[in-house]
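Coordinates in review
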Number of protein chains: 2
Amino acid sequence: MVEDVVKSLGFLAMGTRMKRIGERLQADTQVLLEAMELPVGAGQCPLLAAIDMLGPLTIGELAEALGITQPAITRSVNQLADLGYLAVKPAEDDQRRRIVHLTEQGRRLVERAKAEIWPRIEAAVRDLCGGLSGPFLEQLAAVEGGLAARSLKQRSDMLKGQEP
Amino acid sequence: MVEDVVKSLGFLAMGTRMKRIGERLQADTQVLLEAMELPVGAGQCPLLAAIDMLGPLTIGELAEALGITQPAITRSVNQLADLGYLAVKPAEDDQRRRIVHLTEQGRRLVERAKAEIWPRIEAAVRDLCGGLSGPFLEQLAAVEGGLAARSLKQRSDMLKGQEP
DNA sequence: TTGTGTTATATAACGTGTTATGTAAATTCA
DNA sequence: TGAATTTACATAACACGTTATATAACACAA
């Protein structure tokens, strides 16, 4: 039985630890999706949800909405388009922009996920977080906001200035 | 300006969100390490710290201590061994086991990191989390413990049983 | 109108996790 | 004791992020 070093390192390995928890949550979510026979992976659901929520979006807008890079979006979009859930059309006002739409098949998939599947996942995660103070999502928002306001580098430089 | 969909999805995309924050923290940490000229990346620090804290460890023990898979450890260990910071020797009592040691060079690197670098990173992350209730690390521990006790699948199955 | 700088996205390469598989060593069981 | 099973790790393949770069389209200034 070995000690959990990432946990023991506290703030020093907090990024690694959050990533690890996130990956575990995604893996658990994937198990549920497979049990409920949703034919797209856990990692692709936010992308479908974004288009459902906000309507057709460009590659760049999707990257912004999901907080990942454009090449990652390009790849996911192409995968989902190959499966028939998304269609990509050039924008009318700017040939560079590509607008990503849900297909009829994609719309049906999202409707089913919203009706039967995503609420189940949300409930399980809520159950997991039930006893946490904060609540937990607000704390995540605070960390995100804190990072956006000032990077770790900026914080370190400032704290260094305060040393005796 | 596009809405942050991952944030808006709340519990549904909590895993994705935590992963995203973790990656941001790791990227920020990497910037600091480069500024301070530590010649190993942010992702390799917990591995070095584990051996420093617990003494020489097998590949499997390292995987357990860090919560990642054995092939990932094998790769990182080989990378650090190539750089001269780690040495790998077969165990005396079991030919299958490989024990990972810090070299003299590795020891010096860790001593410098512990003296000058890791505390700076820890302080910056602490500063980031300063206003959070909980505190935040305890909440992460609660999530980890909750997942270990019951998976999302188990929770979903139980909640399903409660439906009218 | 032409030249320059910026923007949007595809593509390539890389890094770092995972699962699956193979091999050797150790352990267990009949 | 020998066969079957399990364990430890290397290796291969894959998934999914990132950065860097190329190309085309667009915007703007002279």
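A few points on the structure. Here, residues in each chain are numbered from 1, in the same order as that chain's written sequence. Chains carry letters and ligands carry numbers; both start at the beginning, A for chains and 1 for ligands, and go up in the order they are written. Per-residue local features are limited, in this predicted model, to residues with pLDDT of at least 70; the limit for side-chain atom pairs, both in listing and counting, is 80 or more; totals at the level of whole chains, interfaces and linings are taken over all residues. Calculated side-chain values reflect all of the structure's heavy atoms, with hydrogen atoms and water omitted.

**As for the protein's contact with DNA strand D**
Put simply, the test is: A cutoff of 4 Å decides nearness: a residue is near a molecule or strand if any of its heavy atoms lies inside that distance of it. Whenever two N or O atoms come within 3.5 Å, that pair is a polar contact, provided that in protein one can donate a hydrogen and the other can accept it, and provided that, for residues adjacent in sequence, both atoms are side-chain atoms. Labels follow the DSSP assignment, with helices taken as runs of H or I lasting at least four residues and strands as runs of E lasting at least two, numbered in each case from the N terminus. Each residue receives one of three labels: charged for Asp, Glu, Lys and Arg, nonpolar for Ala, Val, Leu, Ile, Met, Phe, Trp, Tyr, Cys and Pro, and polar for the others, Gly being one of them.
Around DNA strand D sit 17 residues, and of these Thr69(A), Arg75(A), Gln70(B), Thr74(B) and Arg96(B) come closest. Within 4 Å of the protein, atoms of DNA strand D come from sugar and phosphate in 55% of cases. Separating a phosphate oxygen of DNA strand D from a side-chain N or O atom of Thr69(A) is a distance of 2.4 Å. Those elements that provide at least two residues to the surface near DNA strand D are helix H5 (70–82) of chain A together with helix H4 (59–66) and helix H5 (70–82) of chain B. Of the residues that constitute the surface near DNA strand D, the class distribution is five nonpolar, six polar and six charged.

**Side note on the protein's contact with DNA strand C**
The environment of DNA strand C is made up of 17 residues, and the closest members are Gln70(A), Thr74(A), Arg96(A), Thr69(B) and Arg75(B). In DNA strand C, atoms within 4 Å of the protein come from the sugar-phosphate backbone in 56% of cases. Within the side chain of Arg96(A), a nitrogen or oxygen atom sits 2.5 Å from a base oxygen of DNA strand C. Among the elements of the structure, helix H4 (59–66) and H5 of chain A together with H5 of chain B are those that each provide at least two residues to the surface near DNA strand C. Split by residue class, the surface near DNA strand C holds five nonpolar, six polar and six charged.

**Focus: the interface of chain B and chain A**
Let me state the cut-off plainly: Here, residues are in contact when the closest pair of their heavy atoms is within 4.5 Å. Summed over both partners, the accessible surface that disappears when two parts come together, traced with a 1.4 Å probe, is what is meant by buried area. The term salt bridge refers to a side-chain nitrogen of Lys or Arg lying within 4 Å of a carboxyl oxygen of Asp or Glu.
Residue-level contacts link 75 residues of chain B with 75 residues of chain A. Its largest share of buried area at the contact with chain A, chain B owes to Phe11(B), Leu12(B) and Leu152(B), together 10% of the area lost on that side. Along the contact surface separating chain B from chain A lie six salt bridges. Joining chain B to chain A, the criterion identifies 22 residue pairs in polar contact (both at pLDDT 80 or more).

**Comments concerning helix H6 (residues 104–129) of chain A**
Residues and elements named next belong to chain A. What counts is decided by this rule: Given the number of residues in a helix, its expected span is that number minus one, multiplied by 1.5 Å. Bend is computed residue by residue as the angle between axes fitted to the seven residues ending at the residue and the seven residues starting at it. Working definition: with a 1.4 Å probe on protein chains only, accessible area under 20% of the residue-type maximum means buried, over 50% means exposed, and in between means partly exposed.
The terminal C-alpha atoms of H6, which comprises 26 residues, lie 35 Å apart, in line with the 38 Å expected from a rise of 1.5 Å per residue. In the structure, H6 departs most strongly from a straight axis at Lys114, where the bend amounts to approximately 55°. Buried within H6 are the following residues: Gly106, Leu109, Val110, Ala113, Ile117, Trp118, Arg120, Ile121, Ala124, Val125, Leu128 and Cys129.

**Focus on the sheet that holds strand E2 (residues 86–90) of chain B**
Filter applied, for reference: At least two DSSP bridges between two strands are needed for those strands to be called paired.
Strand order in the open sheet formed by three strands is E1-E3-E2 (chain B), and the pairing between neighbours is antiparallel. Two strands in the sheet have a free side with no partner beyond their single neighbour: strand E1 (57–58) and E2 of chain B.

**Remarks on the relation of the copies chain B and chain A**
Keep this limit in mind: Copies overlap after least-squares fitting; the atoms used are the C-alpha atoms of residues with pLDDT of at least 70 in both.
In the superposition of chain B on chain A (RMSD 0.1 Å, axial shift 0.0 Å), the rotation amounts to 180°. Such a combination of rotation and displacement between the chain copies is what one expects of a two-fold axis. For chain B, the minimum C-alpha distance to the rotation axis belongs to Lys19(B) and amounts to 2.2 Å.

**Quick notes on the pattern of salt bridges**
All names here are of chain A. On inspection of all chains with the given rule, the structure shows 24 salt bridges over all chains. Note that Arg20 and Asp4 form a salt bridge whose closest N and O atoms lie 2.9 Å from each other. Of the two residues, Arg20 sits in helix H2 (residues 14–35) while Asp4 sits in the segment before helix H1 (5–8), which places them 16 residues apart along the sequence. By relative accessible area, which is 17% here, Arg20 ends up buried. When its relative accessible area of 24% is taken as the criterion, Asp4 is described as partly exposed.

**Let's talk about the sheet that holds strand E1 (residues 57–58) of chain A**
By way of backbone hydrogen bonds, the strands of a sheet pair with one another, either parallel or antiparallel. All names here are of chain A. The cut-off we apply is this: Under this scheme, a helix contributes an axis fitted over its contacting stretch, all axes are lines through C-alpha atoms, and angles between N-to-C directions fall in the 0 to 180 degree range.
In space, the three strands of this open sheet follow the order E1-E3-E2, with antiparallel pairing throughout. Looking at the sheet topology across the chains shown, the edges are occupied by E1 and strand E2 (86–90). Relative to strand E3 (residues 98–102), E1 runs antiparallel, the two being bridged by two bridges. Note that in E3 the partner of Leu57 across the bridge is Val100. Seen against the sheet, helix H3 (residues 45–54) touches E1, E2 and E3 and runs at an angle of roughly 90° to E3.

Bear in mind that shape data such as this cannot, by itself, settle questions of function.
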